[in-house]
Amino acid sequence: MGALIHVESVLELRRLALLGTPVRVALRVNRAGGGLPGTHQMAGVATPFGIDETELPAAVALAATLPTVRLVGFHLHAVSNNLDSAAHAAFVDGAVRWSVATAARLGVPLSYVNVGGGFGVDYVGNRVFELPLRARPAPAGVQLVFELGRYLAAGAGWYAAEVLDLKRVHGRWFAVLRGGTHHFRLPAAWGYSHPFTVLPVSSWAYPFPRPTVEGVEVDAAGELCTPRDVLTRGQRVDRLRVGDVLVFGAAGAYGWDISHHEFLRHPHPQTLVL
Ligand SMILES: Cc1ncc(COP(=O)(O)O)c(C=O)c1O
């Protein structure tokens, strides 16, 4: 069967053909419509992703001249973290219909449609993404492929950071962490407040009173020299002490991997695989 390569541009197609290895190819297309709403749109708008739909006929024609390339379909990943499952189902439906019609028009023997990922995770609420797909979303002989990232991985990771200090500044409580956005940049990158759970730690090794707050709202801030190093804003805690640990759930996707690890050269967190 061999590999199936997603190709993002005409130049990539030419480079692939130079390898001289027979390969199945799906062209990633940035369609004129048929995107999905969201802050991280990748298709249906101007982004570097995919081949502009207007250039698709030329790309298909080129592929037909390349003896090692066998064009089998399209790749249409469009968005990240979409929580509107009805809109996502409509997108999948539209993507399949567009692929069937476009393949027929351009003479592509369609056997593969990849609609990408983008299933959302609700970090701040309880919304659950469930895709209401039709019973047979793709015609016989056409493989419909999803490539989920966040939805599969988010719940498999937790980020834990010790509280180094508790401070009240201009009327706001801050829990300063041994950690921050250099380990877990997701909330800062996406502009939301990531909830945490307090893991109480009983030991206190110092000869002075342990700083403690009770029944207040705190911001969970990191140890970097930037006011943007904040994971959570205004979360109420029953009790929080210096030395306790904050645990951030749903941190298994786009957490460590998208973070600027070397900012101030603080130590990397320990990774434990359970
Ligand atoms: C081409 C492609 N497919 C799938 C994914 C996974 O997306 P998600 O984590 O939103 O499911 C990504 C993420 O950027 C991607 O670029």
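Here, the structure is the one placed above.
Residues numbered from 1 in each chain as written. Predicted model: local features only at pLDDT ≥ 70, side-chain atom pairs only at ≥ 80, totals over all residues. Heavy atoms only, no water.

Peer 1: How should I be thinking about the pattern of salt bridges in this particular structure?
Peer 2: Side-chain pairs of opposite charge can arise where the charged atoms are in close proximity. One pass over the full model with this rule turns up eight salt bridges. For D93, the salt bridge identified is with R134, shortest N-O distance 2.9 Å. Highlighted residues: D93 in helix α3 (residues 85-106) and R134 in the loop between β5 (112-114) and β6 (143-145), separated in sequence by 41 residues. For R134, a relative accessible area of 47% translates into the label partly exposed. Close ionic contact of R172 with D219 constitutes a salt bridge, the shortest N to O distance being 2.7 Å. With R172 in strand β8 (residues 172-177) and D219 in strand β10 (residues 212-221), the pair connects residues that are 47 residues apart, well separated along the chain. The buried category is assigned to D219, whose relative accessible area is 1%. By sharing partners, the salt bridges in this structure join D93, R97 and R134 into a single network. (Salt bridge = Lys/Arg side-chain N within 4 Å of Asp/Glu carboxyl O. Helix = DSSP H or I, 4+ residues; strand = E, 2+ residues; numbered from the N terminus. Buried < 20%, exposed > 50% of the residue type's maximum accessible area, 1.4 Å probe, protein only.)

Peer 1: Which parts of the structure should I look at to understand helix α1 (residues 10-18)?
Peer 2: Since the α-helix packs 3.6 residues into each turn, any two residues three or four apart lie on the same face. Restricting attention to buried positions, one finds in α1 the residues L13, L16 and A17. When α1 is viewed along its axis, its buried side chains cluster within an angular range of 100° and face the same direction. In α1, the exposed residues that point more than 90 degrees away from the buried face are R15 and L18. Against the buried residues of α1 lie β1 (4-7), β2 (23-30), α2 (56-65) and β4 (69-75). Once α1 ends, the next one or two residues include G20, with phi positive near 80°. (Arc of directions from axis to C-beta. Contact = heavy atoms within 4.5 Å.)

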